[in-house]
Amino acid sequence: MPRVVFGADGIRGLVNRWPFELSAMFQVGQALGTYVCRRSPHPVVVVGRDTRPSGSELMPCLIAGLFSQGVDVINLGIVTTPGVAFLALRQQADLGIALTASHNSLHYNGIKLLGPHGLRLQREEELEIEDLIEEFSAKAHEHVPTPGKQTHGTNLKEFYIADHVRWCPAPSLEDLRVILDCGDGAVSPIGPEVFRRLGAQLCVVNSALDSRNIMYHSGSEHVRQNPRDLVSVMEAHGADYGFAFDGDGDRLVVVDRDGRVYDGNELLYVLACYFQDAGKLKGDTMVTIYHANQGLEEALCERGIRTEYTRNGDKFLEAAMWAGGYMLGGEPGGNIIINDGHHTAADAIYAAVVLGGILVLNQDKTLEELARPLVRHPQITTALKVEGNVTLSQRRDIEARIQEWEDALNGDGRILFWPSSTQPGVFRLLVEGSRGSRLESVQAAHAEICRFIAGAVVVTEWEHEICPPDRRRPGAEAGLGLSLIHISEPTRLLSISYAVFCLQKKTVYTQQKT
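On a predicted model such as this, the values are computed, not experimentally measured, just so you know.

A. Looking closely at the environment of Asp 248. Mapping Asp 248 onto the fold places it in the loop between strand S9 (241-245) and strand S10 (252-256). Counting along the chain gives 145 residues from Asp 248 to His 103, while the straight-line C-alpha distance between them is 7.3 Å. Residues in contact with Asp 248, not counting those within four places in the same chain, are Thr 80, Thr 81, Pro 82, Thr 100, Ser 102, Lys 112 and Ala 186. Within polar-contact distance, the side chain of Asp 248 engages the side chain of Thr 81 at 2.6 Å. For Asp 248, the side chain forms a polar contact with the side chain of Lys 112, separated by 2.7 Å.

Below, the structure is given as structure tokens:
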């Protein structure tokens, strides 16, 4: 079997392929059980999953593998990844395991691991687990420890819910009219209950608990690309805001009633300003990743807030934040970590509660007004699905050519190219102009780079996300939010034609709403 390798946030892959097969998941459980037994004479592990159907089949196999190594298991059932982190810390468990593929479709599943302090594991720990999985998959083990026991811990989620209610900045959210789009994911049994207890004027959509629809035409990624769907629900219910979550509850995207989309860039800015005003932003510093829009750093600098950068992935954000003792960090995708002494992981529900409290405490201002000082640089981000493996030589050639283009910009913009940490076989390209530069110039540079990449590797699918400087302003042709373009569709990207990149038809997505 191929070696299991941890990405930026755990293991992820297609269901019914190694290691997300029933027998393989038992072996993964054995490996994880051995890992914790090396660290504790009486190990306890908390496990939880999202709502995708494969989770109900894979979870018993994972737990059986843990049992076989003498590990006691607390089964939380359907719960968010930050919920697993919170309860692993609260129950003083040796490990937390979230069976989830986050924002990916139901065809995928994954494993995220949280240590006893509610933080992601370090790379050396992941390497040890990779070795153990390889060992257990290669041969049968004769030693059979005393089996562990299982405790049903669904009642423990009450502590997680109560914690969110307790730490809301406002006494209540009764003046907040909001739609929650749970993406038919793990937020469904938790997020709505939190907002109800806080008194919000609430409408909940896409909240199935055992769903083949997880993240299909719903949730954070759909709303980011097609905000009009959620705006229509908001108009029907007279809501001011829509909060959309991903499959495992660590990613938040917000839409206002005028259709403006707010992702991690705007949310981090608003939260940083709030915590600075409250005297809670340690060192007047906010942590984010290199892919964040440079307009965020400029807007924070004007407030006297320093931006510290780290690599993509929650484990790198956590490491940077805890090393410096910083309170706030996050990614453009909407992963927000609020390190206030009570929470350790990116928690979309908690970020939404804090944001809701800020909006209630500042009823004289809208979210658009709070975020207005942030002026985005024009930016295009592209996801490229590559056929086969990209060789080291090919990647070096692409990166060297991109470096030449970036050097030619003389600091008047930037170009980034990197492999996706959550989607195998996918690379991402970011082309960003400077403040005040025209979107057309960014598009021209982007088109030239894409032509070069198309000549270097076989790309089967392109997806372009266009962010103009006035992204938050209503009335744009692209549905009031981002413009998302697939290569199989006719494009109207100003005067730039992407027909040259149409190497083959986009794979048809077969998941259907049920």
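B. Expanded view of the pairing of strand S5 (residues 108-114). For S5, the buried fraction is high: seven of the seven residues fall into the buried class. Where burial is concerned, the two faces of S5 agree: the one with Tyr 108, Gly 110, Lys 112 and Leu 114 and the one with Asn 109, Ile 111 and Leu 113 are both buried. For strand S4 (residues 95-99) and S5, the ladder comprises four bridges, and the chain directions are antiparallel. Looking at the pairing, Ile 97 lines up with Leu 113 of S5.

C. Focus on the sheet that holds strand S8 (residues 201-205). Overall, mixed pairing links the five strands, which are arranged S8-S7-S9-S10-S11 in an open sheet. Two strands lie at the open edges of the sheet, namely S8 and strand S11 (261-262), each paired on one side alone. Bridging between S10 and S11 involves two bridges; their strand directions are antiparallel. Bridge pairing in S11 links Val 255 to Val 261.

D. Quick peek at the packing of helix H1 (residues 22-37) against helix H2 (residues 53-68). Relative orientation of the contacting elements H1 and H2 amounts to 40°, with a least axis distance of 7 Å. Considering the angle they form, H1 stands oblique to H2. As for how H1 packs across H2, the hand of that crossing is right-handed. Between H1 and H2, the contacting residues are Leu 22, Met 25, Phe 26, Val 28, Gly 29, Gln 30, Leu 32 and Gly 33 on the first element and Glu 57, Leu 58, Cys 61, Leu 62, Ala 64, Gly 65, Leu 66 and Ser 68 on the second. For the contact of H1 with H2, the per-class residue count stands at 10 nonpolar, five polar and one charged.

E. Structural context of the sheet that holds S5. Read across the open sheet, the six strands follow the order S1-S5-S4-S2-S3-S6; overall the sheet is mixed. Two strands lie at the open edges of the sheet, namely strand S1 (11-14) and strand S6 (150-152), each paired on one side alone. Ignoring strand direction, the axes of neighbouring strands in this sheet form an average angle of 20°. As defined by bridge partners, strand S3 (residues 72-78) adjoins S6 across three bridges and the pair is classed as parallel. From the neighbouring strand, Val 73 faces S6, where its bridge partner is Gln 150. Of the strands in this sheet, strand S2 (44-49), S3, S4 and S5 are in contact with helix H3 (residues 81-90), which crosses S4 at around 165°.

F. The confidence of the model for the protein chain, seen in detail. Overall, the prediction assigns the protein chain a mean pLDDT of 87, with 89% of residues at 70 or greater. Ignoring residues within four places in sequence, the model shows residues 472-514, a span with pLDDT below 50, making 105 contacts including any to other chains.

G. Looking closely at the pairing of S8. In the sheet, strand S7 (residues 177-181) pairs with S8 via five bridges, with the strands oriented parallel. Across the sheet, the residue bridging to Leu 180 is Val 204, located in S8. In this fold, S7 hands off to helix H6 (residues 191-197), which returns the chain to S8; that crossover is right-handed.

Reading guide: rules and limits
- Residues numbered from 1 in each chain as written.
- Predicted model: local features only at pLDDT ≥ 70, side-chain atom pairs only at ≥ 80, totals over all residues.
- Heavy atoms only, no water.
- Helix = DSSP H or I, 4+ residues; strand = E, 2+ residues; numbered from the N terminus.
- Contact = heavy atoms within 4.5 Å.
- Polar contact = N/O pair within 3.5 Å; in protein donor to acceptor, adjacent residues only side chain to side chain.
- Buried < 20%, exposed > 50% of the residue type's maximum accessible area, 1.4 Å probe, protein only.
- Pairing = 2+ DSSP bridges.
- Axes fitted to C-alpha atoms, helices over the stretch in contact; angles between N-to-C directions.
- Parallel < 35°, antiparallel > 145°, perpendicular 65-115°, else oblique.
- Left-handed = near helix turned anticlockwise from the far one by under 90°.
- Nonpolar A, V, L, I, M, F, W, Y, C, P; charged D, E, K, R; others polar.
- pLDDT = per-residue confidence, 0-100.
- Right-handed = clockwise from strand over helix to strand, strands pointing away.

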